[in-house]
Amino acid sequence: MVLVIHTEKLTKDYGTNRALSEVELEVREGEVFGYLGPNGAGKSTTIRILLDFIRPTSGSANVFGLDSRADSEEIRRRTAYLPGDVVMYDRMTGAEVLTYFANLSGGVDQRYVAQLAERLRCDLTQPIKSLSRGNRQKIGLVQAFMHRSELIIMDEPSSGLDPLMQQEFYSLVEEVKSEGRTVFISSHIMPEVERVCDRVGIIRQGKLVTVEDIEVLKGRALHRLEFHFSEPVPREGFVDLPGVRDVTVEDTVVSCTVMGKPDALIKAAARFEVVKLVAHESSLEDVFLSYYGDGETDA
Ligand SMILES: Nc1ncnc2c1ncn2[C@@H]1O[C@H](COP(=O)(O)OP(=O)(O)O)[C@@H](O)[C@H]1O
Ligand SMILES: [Mg+2]
């Protein structure tokens, strides 16, 4: 198993603020790795260290087995990067920006660039500064994919994208993976990584708290479900079901929390006439809670 990214005891202080604390990351060749954590957790700091935009306080980071500090030039040449805050040359058009980046890297396949721009419905003719955040993000994505790099690092890539473009983005990631290339995606929202990632590392307050296969993580995710029935239903039918908790029954409405498979609950509900079903996707915070229990407090 080849490790494309490998950090050891990676630590970064900003003054007295410890942004990263002894992070040990291992990203395997050919996988799509999600780096999940709330705002301020240390995701962008990690990524900036990998690309040597900032230096670690202690510990080390390797990319392709190369040292992030000593071999940063080669690492950057072989890695595509989409920053979290896409700052681009505002007066240039999308086409000009892409040409600029293509020339920097010694040229890219122009047909592939055109394909990407079309799939993401990019307007390449307008100055960047006149574009909305989402449209700017799409040009950033074309830039990240167009080099066909062996490693693509994207910092919160689908923020600002509409749902249709998000689907297109997921397809692009899947294509990269099918070619055996490696993708590293940071995000603060579970659904963004759930769709495409093979494994997920959860970072919180600078500490990598867990790394799991996405299937395991999904199994632990909590969903809040609310069934509306055509007539009042008995409470007994809904308590003591596997994976179901916090059940409240009020007249015709049953609310509860489900961890993992909702199968038993759905079958219990199906005995009555369901007129409406409301499901709330589990937030990242809920996933954390399912790991650590409600009593978890921060050190
Ligand atoms: N340039 C900086 N100077 C001082 N503190 C910073 C700087 N960049 C980030 N931080 C702090 O480091 C922590 C991690 O930030 P960041 O890596 O941007 O988190 P994330 O990308 O997960 O939202 C936060 O507490 C943030 O305020
Ligand atoms: Mg960030």
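Residues numbered from 1 in each chain as written. Chains lettered and ligands numbered in written order. Predicted model: local features only at pLDDT ≥ 70, side-chain atom pairs only at ≥ 80, totals over all residues.

J.: What exactly am I supposed to notice about the overall build of the protein here?
T.: In terms of regular secondary structure, the protein is built from ten helices and 15 strands. Taken along its principal axes, the extent of the C-alpha atoms in the protein is 70 × 45 × 35 Å. Within the protein, buried positions represent 35% of all 299 residues. At a minimum sequence separation of 6, the contacts of the protein that also span at least 24 residues come to 67%. (Helix = DSSP H or I, 4+ residues; strand = E, 2+ residues; numbered from the N terminus. Buried ≥ 20, exposed ≤ 12 C-beta atoms within 10 Å, placed from the backbone. Contact = placed C-beta atoms within 7 Å.)

J.: Please explain the pairing of strand β14 (residues 253–259) as it appears in this structure.
T.: Looking down a regular strand, the side chains alternate between one sheet face and the other. Residues V254, C256 and V258 line the buried face of β14, whereas the alternating positions V253, S255, T257 and M259 sit on a face that is not buried. Here seven bridges tie strand β12 (residues 222–229) to β14, and the two strands are oriented antiparallel to one another. What sits directly across from R224, in β14, is T257. (Pairing = 2+ DSSP bridges.)

J.: Looking at this structure, how should I read the site of ligand 1?
T.: In the vicinity of ligand 1, the contacting residues are Y14, N17, A19, G37, N39, G40, A41, G42, K43, S44 and T45. Elements with a minimum of two residues in the shell around ligand 1: β2 (17–23) and α1 (43–50). A total of three residues in the shell around ligand 1 trace back to one element, the largest contributor, which is α1. Considering only residue class, the shell around ligand 1 consists of three nonpolar, seven polar and one charged. (Near = placed C-beta within 6 Å. Nonpolar A, V, L, I, M, F, W, Y, C, P; charged D, E, K, R; others polar.)

J.: Explain the sheet that holds strand β15 (residues 274–280) to me, please; I cannot follow it from the model alone.
T.: Adjacent strands of a sheet form backbone hydrogen bonds with each other and so pair up, either parallel or antiparallel. With antiparallel pairing, four strands are arranged side by side in an open sheet as β13-β14-β12-β15. Whereas interior strands pair on both sides, the edge strands pair on one side only; in this sheet they are β13 (244–250) and β15. This sheet shows a mean twist of 15° between the axes of neighbouring strands, independent of strand direction. As paired elements, β13 and β14 share five bridges and run antiparallel to each other. Among the inter-strand pairings, V249 is bridged to a residue of β14, identified as V254. (Axes fitted to C-alpha atoms, helices over the stretch in contact; angles between N-to-C directions.)

J.: Is there a simple way to think about the sheet that holds strand β11 (residues 207–213) in this case?
T.: Across the sheet, six strands lie side by side as β7-β8-β9-β4-β10-β11; this open sheet has mixed pairing. The open sheet has two edge strands with one neighbour each: β7 (79–82) and β11. Averaged over neighbouring strand pairs, the angle between their axes works out to 15° when direction is ignored. Against the sheet, α1 makes contact with β4 (32–36), β8 (151–155), β9 (182–187) and β10 (199–204), and its axis sits at roughly 145° relative to β8, the strand it touches most. Lying on the sheet, helix α6 (residues 163–178) is in contact with β4, β8 and β9; it crosses β9 at an angle near 145°.

J.: For this particular structure, what's the right way to read the domain arrangement of the protein?
T.: It is common to give the size of an interface as the accessible area that goes away when the parts come together. Examined at the domain level, the protein breaks down into domain 1 (3–212) and domain 2 (222–281). If you average the C-alpha positions of domain 1 and of domain 2, the two centres end up 40 Å apart. (Domains from an automatic or database assignment.)

J.: Can you walk me through the nonpolar core in this structure?
T.: In globular proteins that are soluble, nonpolar side chains generally tend to be buried together. Counting residues in each nonpolar core, the largest one holds 60 residues, and the members touching the most others are V142, A144, F145, I152, I153, F184 and I185. Of the residues forming this core, the biggest block, six residues, is contributed by helix α5 (residues 133–146). Look past the residues within four positions of I153 in its chain and what remains in contact with it is I47, L50, T79, Y81 and F184. Core analysis: the next-biggest nonpolar cluster, separate from the first, contains eight residues, V233, C256, L265 and A269 among them. (Core = buried A, V, L, I, M, F, W, Y, C linked by C-beta atoms within 7 Å.)

J.: For this particular structure, what's the right way to read the pairing of β8?
T.: Of all five residues in β8, five are buried; the element is thus mostly enclosed. Burial along β8 is two-sided: L151, I153 and D155 facing one way and I152 and M154 facing the other are all buried. Relative to β9, β8 is paired through five bridges, and the arrangement is parallel. Paired with D155 across the two strands is S186, which belongs to β9. Remark: the β8/α6/β9 crossover connection has right-handed handedness. (Right-handed = clockwise from strand over helix to strand, strands pointing away.)

J.: Mind showing me how you'd approach unusual backbone geometry here?
T.: The phi torsion of most residues other than glycine is negative, and most of the peptide bonds are trans. The phi angle at D52 is positive, at roughly 65°, despite the residue not being glycine. In this structure, F64 is a non-glycine residue whose phi angle is positive, near 55°. Within the secondary structure, F64 is located in the loop between β5 (58–63) and β6 (66–67).

J.: Please explain α1 as it appears in this structure.
T.: Each α-helix winds once per 3.6 residues, and so residues spaced three or four apart point in a common direction. In terms of burial, α1 is a largely internal element, seven of the eight residues being buried. Listed in full, the buried residues belonging to α1 are K43, S44, T45, T46, I47, I49 and L50. Phi turns positive, to about 65°, at D52, one or two residues after α1.

J.: What is the right way to look at the packing of helix α3 (residues 94–104) against α5 in this model?
T.: Relative orientation and spacing of two packed helices are given, respectively, by the angle between their axes and the distance between those axes. One can describe the packing of α3 onto α5 by two numbers: an axis separation of 10 Å at closest approach and a directional angle of 25°. The orientation of α3 with respect to α5, classified from their angle, is roughly parallel. Where α3 crosses over α5, the handedness of that crossing is right-handed. Contacts between α3 and α5 pair G94, V97, L98, F101 and A102 from the former with I139, V142, Q143 and M146 from the latter. (Parallel < 35°, antiparallel > 145°, perpendicular 65-115°, else oblique. Left-handed = near helix turned anticlockwise from the far one by under 90°.)

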